[in-house]
Every structure is written in structure tokens, then in C-alpha cells.
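A closer look at the structure
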Amino acid sequence: MQSIRQLYKIGYGPSSSHTMGPARAIIEVRKRALDANRLEVVLFNSLALTGQGHLTIDCIKDASFPLPVDVSNRLDKERHPNTLIIRSYKDEILLNEYEVYSVGGGDIVFKDEKVEFPLIYPHHKFKEIKAYCREQHLTLHDYVYRFEGEDIKKFLNQVYLSMNEAINRGITTAGVLPGPLKVTRKAPFLYNKTIHHEPSEVKESRLVSSYAFAVSEENASGGIIVTAPTCGACGVLPAVIRYMAEKHPFITSERVINALAVAGLIGNLIKTNASISGAVCGCQAEIGSACSMAAAAHATLLNLSINQIEYASEIALEHHLGLTCDPVNGFVQIPCIERNAVAALRAIDACGLAYFLTDTRKISFDVVVKTMYETGLDMNDSYKETSKGGLATNYIDEDDVNCW
Ligand code: SF4
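These remarks concern the structure in this document. Quantities reported herein were computed from a predicted structural model and do not represent experimental measurements.

Reading the values: the criteria
Residues numbered from 1 in each chain as written. Predicted model: local features only at pLDDT ≥ 70, side-chain atom pairs only at ≥ 80, totals over all residues. Heavy atoms only, no water. Helix = DSSP H or I, 4+ residues; strand = E, 2+ residues; numbered from the N terminus. Contact = heavy atoms within 4.5 Å. Patch = residues over 30% accessible without salt bridge, like charges linked within 9 Å, V, L, I, M, F, W, Y side chains within 5 Å. Areas by Shrake-Rupley, 256 points an atom, 1.4 Å probe, with all protein chains shown as cover. Salt bridge = Lys/Arg side-chain N within 4 Å of Asp/Glu carboxyl O. Buried < 20%, exposed > 50% of the residue type's maximum accessible area, 1.4 Å probe, protein only. Axes fitted to C-alpha atoms, helices over the stretch in contact; angles between N-to-C directions. Parallel < 35°, antiparallel > 145°, perpendicular 65-115°, else oblique. Left-handed = near helix turned anticlockwise from the far one by under 90°. Nonpolar A, V, L, I, M, F, W, Y, C, P; charged D, E, K, R; others polar. Pairing = 2+ DSSP bridges.

**Considering the environment of Val-42**
Inspection of the secondary structure assignment puts Val-42 in strand β2 (residues 38-44). Not counting residues within four places of it along the chain, the set of residues in contact with Val-42 comprises Ser-72, Arg-74, Thr-83, Leu-84, Ile-85 and Arg-87.

What follows is the structure, encoded as C-alpha cells:
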């Protein structure tokens with residue numbers, strides 16, 4: 001597996017596969033064609049169908065600047081769901097042409113080229129990692145530090161700071177999100193709302209949700225967030241960690257870093273053995289993975305055992321199996337933002353169940369990852385970030401939806 005540095009990326013939203021990945025592809029192609037004075041980009045499939053709502057074209061123009069760029073859209077079922085063909089020209093003479101895949105979480109792969117980052121972990125399955133940890137008397141976070149090096153802690157600290165900054169901006173920014181849906185930002189309302197005699201469990205749900213909304217609304221506005229594992233699902237993990245760190249004085253910053261390390265390991269296993277891309281496997285791969293990472297982080301914050309961490313992550317992913325990706329108008333807003341909040345709450349519940357039921361479980365983390373991948377491959381393309389099915393097609397802008 002690659003370093004978890006390739007999983008957590010600090011950058012601009014709203015979509016890791018539709019903005020970060022294409023921007024990185026353009027920047028890389030420009031490095032390979034320094035003489036170019038014009039670019040041409042063809043977007044395929046999910047990029048073509050939801051690129052406008054995901055701001056793909058804006059970010060391609062930004063990454064190409066000051067070169068002019070022509071962008072066109074095509075559908076071709078034979079190609080990867082997030083394919084770009086990028087051509088560079090000098091005085092209308094073709095310099096080069098690349099086929100690039102945006103594979104999720106901001107990562108890109110050039111056709112027929114080796115993956116750009118080295119594999120630093122010797123194990124690829126949770127079962128192998130668990131056996132190694134047992135033999136070496138390691139915790140999961142120590143396992144991460146052994147192969148990443150101690151330096152990873154500084155990186156994770158930066159990740160945590162960025163996550164918290166996104167929360168702080170989100171809970172203090174009111175208004176309406178960009179785009180035609182006119183979605184109101186709800187994080188400040190959720191954060192500040194106090195209900196007379198509010199039961200503590202309601203207050204806690206509201207706080208967790210406000211943090212998830214805050215980060216997701218920042219993402220939807222093109223703000224700086226951390227992919228965890230993607231932009232669309234970036235609110236789940238920060239919400240759970242912030243809530244826990246504020247609630248429990250015993251949660252030190254060192255424990256938070258450990259939690260991010262373990263969450264990163266879980267995300268990495270899913271990315272390696274399945275996919276974290278909504279265009280490849282539906283929303284189960286984005287929000288499901290984020291929930292699984294957050295459940296692992298929550299369990300690590302509470303110092304639970306490796307088996308309990310595994311079970312919490314497994315429950316969190318298992319109960320997102322089959323979740324479709326159907327963003328309305330192609331914007332990472334409906335259902336994405338609310339879905340982050342629900343997944344954050346689910347992550348906490350998954351950990352609670354794992355705490356009590358670990359010894360009775362029948363499904364391993366590796367099995368549920370394999371199942372998620374197979375389910376995603378079987379899923380109809382309408383439900384894989386194409387906005388051709390589900391809420392994306394049934395959505396009606398009804399002013400009277402709250403009337404009775
Ligand atoms: S529905 Fe899920 S996978 Fe699709 S864009 Fe929204 S968060 Fe991402």
C-alpha cells in the first residue's frame with residue numbers, strides 16, 4: 001500500500017476525483033510539454049456528466065492558466081468512468097496526447113504508466129496487518145509509524161489543523177452555497193441552536209452534525225478541506241474527532257494523531273482492495289469508507305483493541321453497502337452534505353456496538369471491503385456519479401415541501 005499521505009490531501013473542494021484529480025493531471029501534462037501554448041481536454045463519462053456541477057471545467061481552466069484550453073465532453077462505456085484525454089499543442093502542432101484516469105481521492109493514473117507513488121507497506125489486507133501486530137506486539141497506530149516513519153506525525157498534525165480550520169470557518173459562515181440549488185448553509189444554525197431543556201443526546205447529535213455540515217459546506221463552496229478519503233465525504237472524520245476531543249479531556253493531541261493514523265490505514269486498505277471513488281463504486285465507496293475510517297478513529301480515541309477497531313470499521317462500511325451516488329444537478333450538495341452528518345453519527349454508533357459485540361462477530365473487515373467492491377462493480381452506471389438516476393432525477397425544487 002502507498003503512504004497515507006496519498007490519502008489525506010489538503011486542497012480545494014468540491015470533488016477530489018472531479019477537481020483535484022483533473023487539476024493534477026493538467027499540471028503534470030504541462031510539465032511534460034513546456035513549449036505548449038494551447039491545451040485540449042476531452043472529459044468522459046462521470047466527468048462529462050457531472051463536471052459542470054462539480055466545477056471540473058473551472059478547475060481545468062485554473063490549472064491551464066495562462067494557456068487557453070478547449071474542453072469537450074464524451075460518453076464511452078469502454079473507458080474508465082473518470083477519463084481525461086489531454087492534448088497539448090504548440091502553434092497548432094500536436095506535442096503530446098495523454099489518457100489519464102482520475103481514480104478517486106485526487107489520485108491520477110496515466111495510461112500504461114506505473115503508479116507514481118511507492119508502496120511502503122508490506123501488507124495489503126487487514127488480516128495480515130493484524131497478524132503482524134500480534135506477532136510484533138504493536139498497536140495499529142504503531143504499525144503505521146513503523147512503516148511511515150515518525151515524520152508522519154507532523155503531517156497528521158497538519159491534517160488535523162486543516163480539518164479544524166474547515167470546521168471553524170463552516171460553523172461561522174452563513175449564506176447560500178454556490179449553484180442553482182440555492183442550498184442554505186446550515187452548520188451555524190445547527191451549532192448555535194440551543195433548545196430549552198435539550199436532552200444531552202440530542203445536543204450531542206446536533207454538535208456532531210454541525211461539524212460535519214461545516215466541513216461539507218466549506219467543500220461545496222470550494223473551500224480548503226482534507227480528503228478523508230474524498231472531498232465529497234470530507235466532513236465525517238473531522239466531525240467525529242472534533243466532537244470526541246471536545247467532549248473528553250483525556251483525549252490528548254497525541255491520541256488524535258494516533259486516531260488519524262489508524263483511520264488513514266483503514267481508508268488505505270479500502271482504496272487498495274476496492275475503491276474510494278463514487279464514479280467507480282457509488283457513494284458506499286466515499287461515505288461508506290469515510291464512516292469506516294471515522295469508526296476506526298473513534299475506537300482508537302477510546303483505546304479499544306485491534307479486534308474492536310476492526311469490528312467498528314466493518315460495521316460502519318457494511319451498513320453503507322449499496323449506497324448510490326446521485327448528486328442533484330451534479331453538485332456535491334444534495335444528498336452529500338446531509339449524508340456526511342448521518343455517517344458521522346453512524347460511525348459513533350458502530351463503535352458503540354463493536355465495544356460490546358466484538359466476540360460474536362462473523363464478518364471480517366476484509367470481507368466487507370471485497371463485498372463493497374463487488375457491489376460497486378455490479379451497480380448500474382446511473383448510480384455512480386453520473387446524476388442519471390436516484391435523487392438526481394427525482395428531485396423537484398418544491399417550495400411547499402415543508403407545508404402540511
Ligand atoms: S452522493 Fe456520495 S459519492 Fe456522490 S458526490 Fe455525493 S458524497 Fe460523493
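**As for a nonpolar patch on the surface**
Judged by side-chain polarity, Leu-353, Tyr-355, Phe-356 and Leu-357 come together as a nonpolar surface patch covering roughly 440 Å² of accessible area. Inspection of the secondary structure puts Leu-353 in helix α14 (residues 336-357). Overall, Leu-353 belongs to the partly exposed group, its relative accessible area being 43%.

**What to know about the packing of helix α9 (residues 236-247) against helix α10 (residues 253-273)**
One way to put it is that α9 packs onto α10 with a least axis distance of 11 Å and a crossing angle of 155 degrees. Here α9 is positioned roughly antiparallel relative to α10, judged by the angle of their axes. The crossing of α9 and α10 is right-handed. Taken together, the residues of α10 that come into contact with α9 (itself represented by Leu-237, Ile-241 and Ala-245) are Val-256, Leu-260 and Ala-263. Residue classes in the contact of α9 with α10 are distributed as six nonpolar, no polar and no charged.

**Things to note about the sheet that holds strand β6 (residues 107-110)**
Sheet strands pair via backbone hydrogen bonds, and the direction of the pair is either parallel or antiparallel. Across the sheet, which stays open at both edges, the five strands sit in the order β3-β2-β4-β5-β6 with mixed pairing between neighbours. Since the sheet does not close on itself, it has two edges, and those belong to β3 (69-74) and β6, each with one partner. Shown here is a sheet whose adjacent strand axes are inclined to one another by a mean of 25 degrees, direction ignored. Here β2 runs beside β3; their pairing, made up of six bridges, is parallel. The partner of Leu-39 across the bridge, within β3, is Val-69. Contacting β2, β4 (83-90), β5 (93-104) and β6, helix α1 (residues 16-32) crosses the sheet at an angle of about 150 degrees to β5.

**Quick notes on the pattern of salt bridges**
For the structure on display, the rule yields 24 salt bridges. Across the pair Asp-107 and Lys-9 runs a salt bridge whose closest N-O atoms are separated by 2.6 Å. Of the two residues, Asp-107 sits in strand β6 while Lys-9 sits in the segment before β1 (10-12), which places them 98 residues apart along the sequence. For the residue pair Asp-107 and Lys-9, the accessibility class agrees, reading buried in each case. Linking Glu-113 and Arg-32 is a salt bridge whose minimum nitrogen-to-oxygen distance equals 2.8 Å. With Glu-113 in the loop between β6 and α4 (126-136) and Arg-32 in helix α1, this pair connects stretches of sequence that are 81 residues apart. A residue is classified by how much of its surface remains accessible, and Glu-113, at 33% relative accessible area, is partly exposed.

What is shown is where atoms sit, not what they do.
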